[in-house]
Number of protein chains: 2
Amino acid sequence: MGHKRATIKDIASELKLSPSTVSKALRDHPNIGVVTKERVKRLAKQLHFVPNQTAIRFKQQRSFTLGILIPSMLDHFYVAAVEGFEKFAYDNGYNVLIGQSHESLQREKELLLTMQSNRVDGLIIAISRETVDTTHINEFVRSGIPIVYFMRKPINEEYHCVCSDVYAGAIDAIAYFVSLGHKRIGFINASSFWTTSRDRFLGYRDGLIQHGIPFDKSLVQESDFTQESNFHAMRRLMQLNTPPTAILSFKDQVMLDALSCLRREFPSKADSIALIGYGANPMIQYLERPPLASLKEQPYEIGQKSGLLLLDLVNHPRTDYEPQLVKLPCKLQVFSTLKQR
Amino acid sequence: MGHKRATIKDIASELKLSPSTVSKALRDHPNIGVVTKERVKRLAKQLHFVPNQTAIRFKQQRSFTLGILIPSMLDHFYVAAVEGFEKFAYDNGYNVLIGQSHESLQREKELLLTMQSNRVDGLIIAISRETVDTTHINEFVRSGIPIVYFMRKPINEEYHCVCSDVYAGAIDAIAYFVSLGHKRIGFINASSFWTTSRDRFLGYRDGLIQHGIPFDKSLVQESDFTQESNFHAMRRLMQLNTPPTAILSFKDQVMLDALSCLRREFPSKADSIALIGYGANPMIQYLERPPLASLKEQPYEIGQKSGLLLLDLVNHPRTDYEPQLVKLPCKLQVFSTLKQR
DNA sequence: TTGTACGCGTTATCAA
DNA sequence: TTGATAACGCGTACAA
């Protein structure tokens, strides 16, 4: 039953005013009379006038839209980041366009084009697993749209980035392991192209060294996050001549699969192996025998801060190149005390 | 380092052609010469020309954007629906604007305005818990934008809707309980304003009746999904003179909290009480002693079908009022066989 | 096969 | 305090 949508023109002609007057009145422009404003607003309401953002965007040459590119919304961690980003964006009058790469480089490239085509005013991006070359991203930036990396940043790019301080987190995790008497500590990591993997690794290695434990390459495995890959990494660790008694994992998902693997394939050892992951997944509370601990990150805040930094770049385009690097702390959250036993 | 963005005009003047020729050439319009097309496309590529969707939208009086309004992205179930919807939308050349009501009516109203302001071509919506009056939604529809309810539909509205066949699901659950010897079966439901609650309830009641079990009002509790509320509902059931031996829950989240409640507060009975929820949350696989079962729904497909139905409404505006009701089956997924014991 | 003219809804600028 | 005009980038009907 669509009554035709009212426009500024409709209001103007009805009130025998000019469109520009109406436009100003609606936006409370100072040099419009109070009486006129009142008349305009009354009629606007009556006609259910809703400003046409489409036209405004076009006119203003700004989309008032910010883009966010994540691997997947099925990952609770990124959803939290989207939430933080979205909240910030909405509070500042921006819409958000979400894209999911599903870890595909091809999809990432397409989405970047979509973003460009939609003239997003800025973009934050957590690169896909396949993104080892960043030509497409650099081209995007060269087209004039500022970006901020978040969570994952290519290891060979110096650019604005907001992420967790996973290095310090790993240091903490190792210290906790050691305090419980562990000396043989394994590590399941992810793509070595991300700084967030490298930093975890450095923290792991430096943590060991700090406690006088020699670094042993065979204790480090890599996974691509599929259940299969997680299981595989765990198996290789357990099949060492001297398997680890403690394992740090890139993220909770990996840790949970590692735990499943232990329970299914190495049940006799399952309870003696200490596990720490990243993320503090809320579902862990439902486990009767939870893993040892998890490094709680702050994805929501990372989303917010990314938005803040991005909007700054949007509003104050810099020609000088001084990459901002923001790191938010992780906090070790211990679950074992929650055990009923 | 933004080289100014190239427009159709730039290409035209560079090639001494008219903008309209360029426009047509870029879109492979039949009556443009092959040679011209080639020249145009070459230069377009060279100048990194990306069509300005903002202008196209404005010109076409269509946003090529579909809206989706959900309670929260923290709920895995709705994320899956978003995925399905998004996939469908992208495949059909549409963007997606996501809004989260966080179960707030106020927020829902604001988001509806945002959607209207952005001139989305259509919208699918799962109403908030607070939405007992639908004036704002009806007004939205009256403004000319078609909508499709999904998952949750107001009980007093006859309108297009895509959701799970939760009635049949409840019937199946009850039948399964009965087959295991249960006769005293409880139910934790949600807002009675949604058809999806009513249908669960009817399935629960009819299921009981089918097996000759009298309906007992005291066995039905309501929860608002907060952990506190879930625990409270569970406690009330357990504190009955004759507590249930089996409980159907509105969704897995409720069931998991119910399970926690049992283990913490009624440990002696915890293992003898059979639980079934809705959703088949993938995290359940990590539980050592999982609940009995869950009704696996098809949120991804619901998202897709909602998109399909919506796009049909967008492209073929109907004046005649014939609400479509699409129901997708639930499938009982049994977890107990996964138990290690 | 190509070009011209116009308009979509809004706002900025300048004139009245 | 208000109004007229132009412009944003594109697509389309129609003219050449």
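Everything below is about the structure printed above this text.
The model shown is predicted, which means the values in this text are computed figures rather than measured ones.

The rules behind the values
- Residues numbered from 1 in each chain as written.
- Chains lettered and ligands numbered in written order.
- Predicted model: local features only at pLDDT ≥ 70, side-chain atom pairs only at ≥ 80, totals over all residues.
- Heavy atoms only, no water.
- Pairing = 2+ DSSP bridges.
- Helix = DSSP H or I, 4+ residues; strand = E, 2+ residues; numbered from the N terminus.
- Axes fitted to C-alpha atoms, helices over the stretch in contact; angles between N-to-C directions.
- Near = heavy atom within 4 Å.
- Polar contact = N/O pair within 3.5 Å; in protein donor to acceptor, adjacent residues only side chain to side chain.
- Buried < 20%, exposed > 50% of the residue type's maximum accessible area, 1.4 Å probe, protein only.
- Contact = heavy atoms within 4.5 Å.
- Nonpolar A, V, L, I, M, F, W, Y, C, P; charged D, E, K, R; others polar.
- 1 Å grid on protein atoms, 1.4 Å probe; cavity = no way out; pocket = protein on both sides within 12 Å on 5 of 7 lines; lining within 4 Å.
- Points joined across faces, edges and corners; volume = space filled by probe spheres on them.

(A) Examining the sheet that holds strand β9 (residues 274-278) of chain A more closely. Residues and elements named next belong to chain A. Strand order in the open sheet formed by six strands is β7-β6-β8-β9-β10-β12, and the pairing between neighbours is mixed. Looking at which strands have only one partner, the edges of the open sheet turn out to be β7 (220-222) and β12 (331-334). Direction aside, neighbouring strands of the sheet carry axes that sit 20° apart on average. For strand β10 (residues 293-296) and β12, the ladder comprises four bridges, and the chain directions are antiparallel. Within the sheet, the bridge partner assigned to Ala293 lies in β12 and is Val334.

(B) Inspection of the protein's contact with DNA strand D at higher detail. Within the structure, DNA strand D sits among 27 residues, and Thr21, Lys24 and Asn31 of chain A together with Ile8 and Ser23 of chain B are positioned closest to it. Each atom of DNA strand D within 4 Å of the protein was classed as base or backbone; sugar and phosphate made up 57%. In this structure, a phosphate oxygen belonging to DNA strand D sits 3.1 Å away from a main-chain N or O atom of Ser18 of chain A. Breaking the surface near DNA strand D down by element, the ones donating at least two residues are α2 (19-26) and α4 (53-60) of chain A together with α1 (8-15), α2 (19-26) and α4 (53-60) of chain B. The element best represented in the surface near DNA strand D is α4 of chain B, accounting for five residues.

(C) Inspection of the environment of Ala126 of chain A at higher detail. All names here are of chain A. The residue Ala126 is located in the loop between β3 (122-125) and α7 (135-142) in this model. Residue Ala126 is classed as buried on the basis of its relative accessible area, which comes to 1%. Taking the C-alpha atoms as reference, Ala126 lies 28 Å from Gln285; in sequence the two are 159 residues apart. Beyond its immediate sequence surroundings of up to four residues, Ala126 is in contact with Leu69, Ile70, Pro71, Tyr78, Phe150, Met151 and Arg152.

(D) Representation of the protein's contact with DNA strand C. In the vicinity of DNA strand C lie 27 residues, with Ile8 and Ser23 of chain A together with Ser20, Asn31 and Thr36 of chain B positioned nearest. Taking all atoms of DNA strand C within 4 Å of the protein, the share assigned to sugar and phosphate is 57%. Here a phosphate oxygen of DNA strand C and a side-chain polar atom of Thr21 of chain B are 2.8 Å apart. Between a phosphate oxygen of DNA strand C and a side-chain N or O atom of Thr36 of chain B, the distance comes to 2.7 Å. Looking at the surface near DNA strand C residue by residue, the classes come out as nine nonpolar, 11 polar and seven charged.

(E) View of empty space enclosed by the protein. All chains considered together, the criterion is met by two cavities of 30 Å³ or more. Each pocket or cavity is described by its volume, and for the largest cavity that value is around 160 Å³. Lining the largest cavity are 14 residues, and of these Arg57, Thr65 and Asn118 of chain A together with Arg57 and Thr65 of chain B sit closest to its centre. Looking at the lining of the largest cavity, the elements that each hand over two or more residues are β2 (95-100) of chain A together with β2 (95-100) of chain B. Split into classes, the residues belonging to the lining of the largest cavity amount to four nonpolar, eight polar and two charged. Roughly 30 Å³ of volume is contained in the second largest cavity. In terms of lining residues, the second largest cavity is bounded by Gln116 and Arg119 of chain A together with Arg5, Ala6, His48, Phe49 and Val50 of chain B. Along the lines of polarity and charge, the residues of the lining of the second largest cavity split into three nonpolar, two polar and two charged.

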